[in-house]
Amino acid sequence: MSTLPVDGSVRGSVLPSTAHSSLWPQSVYPAGVPRELEIPDFAAWGLLARAANEVPNRIATHFLNDQKSYRDVDHAAIRLANWLQQHGVEAGARVGILLPNSPEYLIALNGVWRAGGVAVAISPLSVAEEIASLVKLTDCRTIICLDVLGGLLKLCEGVEQTLMTSLYDYLPSWARLGYLAARWHRTGRMLQVRDEFHHWFWEAIRVSELDTTPVEVQPHTDPAYILSTGGTTGNPKAVTLSHRNIVANAWQQMHWAGATMGEETMLAVLPFFHSYGMSTMLAGGAALGATLIMQPRYHTMRALNAIELHRPTVFHAVPAMLSAMNESLRVNKIDLSSLKWVISGGASLPVAVGQEFAMHSGALVVEGYGLSEASPVTHVGPLDGSNVAGSIGLPLPSTECRIVDIEMGTSDLGAEQIGELAVRGPQVMLGYWNNPTATAATLRDGWLFTGDLACRDHAGFYRIVDRKKDLIITSGFNVYPADVEEALRNCPDIADVAVVGVPDAERGEIVKAYVVLRQGVAWNQVRLDKFCKEKMAAHRRPKLWEHLPGDLPRNFLGKVMRRQLRESTGEHHA
C-alpha cells in the first residue's frame, strides 16, 4: 500500500545492515542518528500530506508578500490532481514543470504525483532546443509553465495542453506593468488569454473538487521525477527517480538533522528544478514541516536581507553563494544569528569560504555531497560539531560506500587511498530514462558508480578529490586538478583558477591553468612559475597558463565547467 495512512502515521521497512557498513567506525557517527532507517512505504506526495496532517497551520511557503499554510498547499495539490485527471493525465503520464522557485512549484509537483503522473523538471535556464529535446524524450503532453517562460516551448512537439501561472499577482502595483511588458516581449501573449490549449493554474484549482482519489503507485518501482543531467560529459541523460528514492532521501536528511516537525525555517534560494533544491527544500522541507522562505532567483543582498528579516534556521547553499555573501558581509553588517546550520553542496567548498561564513553568521557550516542519480544527497558533515573541515562528512543513514580502483572498479581500497566513490542505498535512482546502455554503465550490481575520485580517512570521513574524467596523467603521474587549484589559490596574484589537462606528445598530458587575477594585479608568469616551484612537485606545476579577463565559466550551481575550458581555443601563455 503506497498511500499515507488516514491517521498520518508512517509505515515502512528497516533496511538491513550490510558488509560495507563497517567501512567507518561506529564511534564517529553522530549521536542519536540511526545507522539504518525505517523508510515509509508511501508515494512522494505523502511527505506533504503528512505535514498537512501534523502541522496544518504551519506556514509552508513565504513568497514575496504571500503566505500559504501546509493545509493550503496540500488542498491546492489535491484540487490540481483532480483537474489533471479530468484532463487526461493518467498513471505514468509525464507532466513537465517549467517554473521558478514559487509556491506553485510545490503544488504542481505534489499535484502531478497525486494524479499518478511523473513530474519532468524543465530548467528555466535552458534554451528552446534543449527543452524540446527533453519534452520529446519523455513524451510530455502536459506542461505547467510560468507565463513569461512560455516562449521557451515554441519548438516543442506533441504538447497537448499547458497550465500557465504568473508572478503578476504577487507583485506590487508599481512592478506589474513591467512584468506585463516582459511577458509580451517574450511570448507576444496577453495575460488573460484563454483557449483549448492554454489554461490557468489557479483557475483550474478553483474549479476542481477537493475529494479526488490519488492514484495507487508502487513506491519502489514507479517513477516520480525525471530531470536532465549533462554532468561533465556533454551528453545529457534523464535521471529517473522513484517515489521511494525521493521519500528516502528526505527521510535520511530529516534524521540527520534530528529536527522536530514544524520547528525549522529554510531559506529556499536553490533552484527547485535541480535535484539539490527539490530534495532539500521541497521534499526535505515537507518532511520537516519547515517554512520555506522562497525567492524566485538568487540575489546576494536580497538573500542576506531575507535572513535578517525572516530568521531562517537552515540554509542550503552552494559555495559560490557563500563566497558572494562573504564579500558583502565584509562591508555590510547584517544579522544572520538565526542560522543554526548551513549545508553547502553542488561543488567543493573551500575551507576558508566556509570558515569565514561561520564567522559572519555564527552558524555551523558543513559540506555535503550528492549527485542527481542519488536523489541527490549521499553524504553530509555531522551537525553535532564533530565535522572535519575539507571533508564531505559521513554517509547518510542506510547509505553504503566503497572506494574502488579507478581502472576496473572491482577492488576495494583502504583508508587514505584515492579511488572512485561508489554508493548504494534507497536514494539511488531507477536509471536513465529510455537509456539502458547508460544505466548499465553507471549502475552495477546495485552500486552507483559516481565518477568522482575520493578517499576516506581513518576516522571514516570522506573527501572528494576530483572528477574521474578530470584526472590528469602526465608522465605516468596522477595529478588531481582540485589539489593544484587549492595550492594556486594561495598565490597572492590569483583570485580564482581552474586546472585542466591538455594533450602532449611526450608526456601524454600536461597541466594547464586558467587564471583570474586579483584586481589591480598585472600578468607576470615569472612570478607564477616561481610560486609553483616553491609550492608544488614538478609534475603538478602548470606548464601552460591562460589569463581570463572575466570569471571562470560556471553552471547555475557555481561549479566550474572544466569541459568548456578544455574545448576552448583561447590563446595561452607558455
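Residues numbered from 1 in each chain as written. Predicted model: local features only at pLDDT ≥ 70, side-chain atom pairs only at ≥ 80, totals over all residues. Heavy atoms only, no water.

Novice: When you look at the overall build of the chain in this model, what are you seeing that I'm missing?
Specialist: A tally of helices and strands in the chain yields 15 helices and 29 strands. Taking 2.2 N^0.38 as the reference for a compact globule, 574 residues should give roughly 25 Å; the C-alpha atoms of the chain span a radius of gyration of 24 Å, in line with that estimate. Among the 574 residues that make up the chain, the fraction classed as buried is 57%. Contacts in the chain between residues far apart in sequence, at least 24 positions, make up 68% of those at least 6 positions apart. With the model as given, the accessible surface of the chain reaches about 23800 Å², and the carbon-plus-sulfur share is 51%. (Helix = DSSP H or I, 4+ residues; strand = E, 2+ residues; numbered from the N terminus. Rg over C-alpha atoms; globule rule 2.2 N^0.38 Å. Buried < 20%, exposed > 50% of the residue type's maximum accessible area, 1.4 Å probe, protein only. Contact = heavy atoms within 4.5 Å. Areas by Shrake-Rupley, 256 points an atom, 1.4 Å probe, with all protein chains shown as cover.)

Novice: Looking at this structure, how should I read the nonpolar core?
Specialist: For soluble globular proteins, the rule of thumb is that nonpolar side chains tend to be buried together. Counting residues in hydrophobic clusters, the biggest one holds 128 residues, and the most contacted among them are Leu47, Leu80, Tyr105, Trp113, Ile144, Tyr225 and Ile246. When sequence neighbours within four positions are dropped, the list of residues in contact with leucine 47 reads Phe42, Ile246, Val247, Ala250, Trp251, Ala283, Ala286 and Ala287. Core analysis: the next-biggest nonpolar cluster, separate from the first, contains 26 residues, Tyr276, Ala317, Ile334 and Val365 among them. (Core = buried A, V, L, I, M, F, W, Y, C linked by side-chain atoms within 4.5 Å.)

Novice: Even after reading the chapter, I still don't get the environment of glycine 414, so can you show me in this structure?
Specialist: Mapped onto the secondary structure, glycine 414 falls in the loop between strand S19 (400-404) and strand S20 (419-424). Given the relative accessible area of 27%, glycine 414 is considered partly exposed. Expressed as a C-alpha distance, the spacing of glycine 414 and arginine 456, which sit 42 residues apart in the sequence, is 7.8 Å.

Novice: What is the right way to read the pairing of strand S28 (residues 508-517) from this model?
Specialist: A regular strand carries its side chains on alternate faces of the sheet. With eight of ten residues buried, S28 is to be regarded as a mostly interior element. Summarising the sheet, strand S27 (residues 494-504) and S28 pair through ten bridges and their orientation is antiparallel. When the bridges of S28 are listed, isoleucine 494 appears paired with leucine 517. The antiparallel hairpin formed by S27 and S28 contains three residues in its connecting segment. As paired strands, S28 and strand S29 (residues 544-547) are joined by four bridges and run parallel to one another. Its bridge partner lying in S29, alanine 513 is registered against tryptophan 545. Between S28 and its parallel partner S29, the chain crosses via helix H14 (residues 525-535), and the hand of that crossover is right-handed. (Pairing = 2+ DSSP bridges. Right-handed = clockwise from strand over helix to strand, strands pointing away.)

Novice: What exactly am I supposed to notice about the sheet that holds S28 here?
Specialist: Hydrogen bonds between backbone atoms are what pair the strands of a sheet, whose relative direction is either parallel or antiparallel. Strand order in the open sheet made by the three strands is S27-S28-S29, with mixed pairing throughout. The two strands at the open ends of the sheet, each matched to only one other strand, are S27 and S29. Going from strand to strand, the sheet's axes swing by 25° on average, the running direction of each strand aside. Lying over the sheet, helix H13 (residues 481-488) contacts S27, S28 and S29, oriented at roughly 145° with respect to S27. (Axes fitted to C-alpha atoms, helices over the stretch in contact; angles between N-to-C directions.)

Novice: How should I be thinking about the pattern of salt bridges in this particular structure?
Specialist: Opposite charge on two side chains allows them to pair when their charged atoms are near. Counted according to the given criterion, the structure contains 23 salt bridges. Put simply, glutamate 264 and lysine 340 hold a salt bridge, and the shortest N to O gap is 2.9 Å. On the criterion of sequence distance, the pair formed by glutamate 264 in the loop between helix H7 (243-257) and strand S12 (265-268) and lysine 340 in the loop between helix H10 (319-329) and strand S15 (341-344) is long-range, its members being 76 residues apart. For lysine 340, a relative accessible area of 37% translates into the label partly exposed. One salt bridge connects lysine 512 with glutamate 546, and the closest N-O pair in it is separated by 3.0 Å. Placement of lysine 512 in strand S28 and of glutamate 546 in strand S29 is noted, with a sequence separation of 34 residues between them. For lysine 512, a relative accessible area of 6% gives the class buried. Among the residues examined, glutamate 546 registers a relative accessible area of 7% and is labelled buried. (Salt bridge = Lys/Arg side-chain N within 4 Å of Asp/Glu carboxyl O.)

Novice: Could you clarify how one ought to interpret the packing of helix H1 (residues 46-54) against helix H2 (residues 70-86) in this entry?
Specialist: If you want to describe how two helices pack, look at the angle between their axes and the distance between the axes. H2 packs onto H1 with a crossing angle of 135° between their chain directions and a minimal axis gap of 8 Å. Here H1 is positioned oblique relative to H2, judged by the angle of their axes. Crossing angle aside, the handedness with which H1 passes H2 is left-handed. Of the residues in H2, those touching H1 at Leu48, Ala49, Ala51 and Ala52 are Tyr70, Arg71, Val73, Asp74 and Ala77. Here the residues of the contact of H1 with H2 sort into seven nonpolar, no polar and two charged. (Parallel < 35°, antiparallel > 145°, perpendicular 65-115°, else oblique. Left-handed = near helix turned anticlockwise from the far one by under 90°. Nonpolar A, V, L, I, M, F, W, Y, C, P; charged D, E, K, R; others polar.)

Novice: I would appreciate a short explanation of the pairing of strand S7 (residues 142-146) in the present structure.
Specialist: Judged by how many residues are buried, S7 sits mostly within the fold: five of five residues are covered. Sheet analysis places strand S5 (residues 94-98) next to S7, joined by four bridges and oriented parallel. The partner of valine 95 across the bridge, within S7, is threonine 142.

Novice: So what exactly am I meant to see when it comes to the confidence of the model for the chain here?
Specialist: Detailed conclusions should not be drawn from predicted coordinates in areas where pLDDT is low. With 91% of its residues at a pLDDT of 70 or more, the chain shows a mean pLDDT of 89. Residue range residues 1-24 is modelled with pLDDT below 50. Its contacts to residues more than four positions away, or to other chains, number 71 contacts. Confidence drops under pLDDT 50 across residues 569-574; counting only partners more than four residues distant or on other chains, this segment forms 16 contacts. (pLDDT = per-residue confidence, 0-100.)

Novice: Sorry if this is basic, but what is going on with the packing of aromatic side chains here?
Specialist: Aromatic ring pairs are described here by two measures, namely the spacing of the ring centres and the angle between the planes. Tallied over the full model, the rule gives six aromatic pairs. Considering the side-chain rings of tyrosine 29 and tryptophan 256, the 5.5 Å spacing of their centres and the 75° angle between planes classify their relative orientation as edge-to-face. Of this pair, tyrosine 29 sits in the loop between strand S1 (12-14) and strand S2 (38-40) while tryptophan 256 sits in helix H7, placing them 227 residues apart in sequence. Among the residues examined, tyrosine 29 registers a relative accessible area of 6% and is labelled buried. (Phe/Tyr/Trp six-rings, centres within 6.5 Å; stacked < 30°, edge-to-face > 60°.)

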